[in-house]
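Topology and contacts: notes
Okay, here's what each chain looks like letter by letter:
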Amino acid sequence: MKSLHEFLIMGGYAAYVWPAYGVTAVVMLVNALLPSLRLRRRIAELKRRADGGERS
Amino acid sequence: MNISWTWFHRLASPPHFFRLAGRLAPWFGWLALICIAAGLYGGLWYAPPDYQQGDGFRIIYIHVPSAYLSMMGYTMLAVSAGIGLVWRMKMAHAVAAAVAPLGASFTFLALVTGSLWGKPMWGAYWAWDARLTSELILLFQYFGFIALSRAFEDPRSGEKAAAVLALVGLVDVPVIHYSVVWWNSLHQGSTVFVGAGSDIATSMLVPLLAMIAGFTAFFVACLLKRIQLEVLERESAAAWVREVLEDA
């Protein structure tokens, strides 16, 4: 069983392995969140507009 | 012949696709989460270090899925843009527009993770090598598609011009794939699909397959959300959008 320390230093490759995983995590998180957020905002906006249109 | 094409027509109908995408996206999202969690455990913790590359090889678990999706995404982009061009199908153009930013981000990831892998193994972050250069060209093709589709006042003209560009650029995909065979490349050869069997130990291979499955499911989930957004933007004046708004 390897130790947490061994895991973190990645056999001396930590400076390459962790940034690679970090960049990937950030880019994937943005991809996961951005469209859903935009979709929700757009639906809310269209709803507001539809409600406003009915009243006027 | 009595083949029913109704499923195809339904897929091509924006309201139907919008609802279907909304229902399917969470399933792909969960599948992605499970596969990626298993792949990360297997790849970063369980698999032994490589006998040549030590723990540095672990970048493979994000590099290979990203590179694969960069090519898959571009093929999807070109095929759907082509369908939109030939059959004037609105949905196909929406799919192409939705896949472009997603494919571009995985191309970016393939380049960055490859660069971080190349430094300790080859001694350089970058080399003007056939594999690396053709992958960089792919990134520019994604940018070109996005820029050109927005460059016209009439969005339909932009779509058409960008579709032609996307189809012409499709030649780059086989070039990337075979670059390590055709040219004497710095890049290592194929890891997974070599001849009949695979060149890689099971404890290293299984996490890689899990990561490829997980990244693909993630790609599909994000794509479905992006198509929903794209369709909503294009059809916001249509009557069905009001129905969808009432459901939401």
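Residues numbered from 1 in each chain as written. Chains lettered and ligands numbered in written order. Predicted model: local features only at pLDDT ≥ 70, side-chain atom pairs only at ≥ 80, totals over all residues.

1. Some points on the overall build of chain A
When helices and strands are tallied, chain A shows two helices and zero strands. For a compact globule of 56 residues, the expected C-alpha radius of gyration is about 10 Å, and chain A comes in at 22 Å, more than 25% above that figure. Along the longest, intermediate and shortest principal axes, the C-alpha atoms of chain A span 70 × 20 × 10 Å. When each of the 56 residues of chain A is scored for burial, the buried share is 20%. (Helix = DSSP H or I, 4+ residues; strand = E, 2+ residues; numbered from the N terminus. Rg over C-alpha atoms; globule rule 2.2 N^0.38 Å. Buried ≥ 20, exposed ≤ 12 C-beta atoms within 10 Å, placed from the backbone.)

2. Points about the nonpolar core
Among the nonpolar cores identified, the biggest contains 72 residues, and B:Ile59, B:Leu77, B:Ala96 and B:Val99 are the most heavily contacted of them. Of all the secondary structure elements, the ones that give two or more residues to this core are α2 (14–55) of chain A together with α2 (14–46), α3 (60–87), α4 (90–122), α5 (130–149), α6 (155–169) and α8 (202–235) of chain B. At 17 residues, the largest contribution of residues to this core is made by α4(B). Aside from chain neighbours lying at most four places away, what touches B:Leu77 is B:Ala96, B:Val99, B:Ala100, B:Gly103, B:Phe145 and B:Ala166. (Core = buried A, V, L, I, M, F, W, Y, C linked by C-beta atoms within 7 Å. Contact = placed C-beta atoms within 7 Å.)

3. Examining the packing of α4(B) against α8(B)
All names here are of chain B. Contact geometry of α4 with α8 gives a least axis separation of 8 Å together with a crossing angle of 130°. When the interaxial angle is binned, α4 and α8 end up oblique. Here the hand of the crossing between α4 and α8 comes out right-handed. Mapping the contact onto sequence places Ala94, Val95, Ala97, Ala98, Val99 and Leu102 in α4 and Phe219, Cys222, Leu223, Arg226, Ile227, Glu230, Val231 and Arg234 in α8. A per-class count over the contact of α4 with α8 returns eleven nonpolar, no polar and three charged. (Axes fitted to C-alpha atoms, helices over the stretch in contact; angles between N-to-C directions. Parallel < 35°, antiparallel > 145°, perpendicular 65-115°, else oblique. Left-handed = near helix turned anticlockwise from the far one by under 90°. Nonpolar A, V, L, I, M, F, W, Y, C, P; charged D, E, K, R; others polar.)

4. Side note on the environment of B:Tyr61
All names here are of chain B. Positionally, Tyr61 belongs in helix α3. With 50 residues separating them in the primary sequence, Tyr61 and Leu11 have C-alpha atoms 34 Å apart. In this view, Tyr61 contacts Gly39, Gly43, Pro207, Leu208 and Met211; residues no more than four positions away in its chain are not counted.

5. As for the interface of chain A and chain B
If you look at the interface, chain A gives 25 residues, while chain B gives 30 residues. Element by element, the count of residues in the side of chain A that touches chain B is highest for α2(A), at 20 residues. In terms of residue class, the side of chain A that touches chain B is built from 17 nonpolar, five polar and three charged.

6. With respect to the confidence of the model for chain B
Low-pLDDT portions of the prediction should not be read for the details of their coordinates. On average, chain B scores 90 in pLDDT, and the residues at 70 or more come to 95%. Across the interfaces of the predicted complex, the ipTM metric reaches 0.89, alongside a pTM of 0.91. (pLDDT = per-residue confidence, 0-100.)

7. Side note on the environment of B:Val241
Considering the arrangement of structural elements, one finds B:Val241 in helix α9 (residues 239–247). With near-sequence residues (within four places) excluded, B:Val241 lies in contact with A:Leu46, B:Leu232, B:Glu235 and B:Ser236.

8. So, the environment of B:Leu224
Residues and elements named next belong to chain B. As for its position among the elements, Leu224 is in helix α8. Using a count of 24 C-beta atoms within 10 Å as the deciding quantity, one classes Leu224 as buried. Between the alpha carbons of Leu224 and Phe28 there is a distance of 9.4 Å; along the sequence they are 196 residues apart. In contact with Leu224, other than residues within four places in its own chain, are Ala21, Leu24, Ala25 and Phe28.

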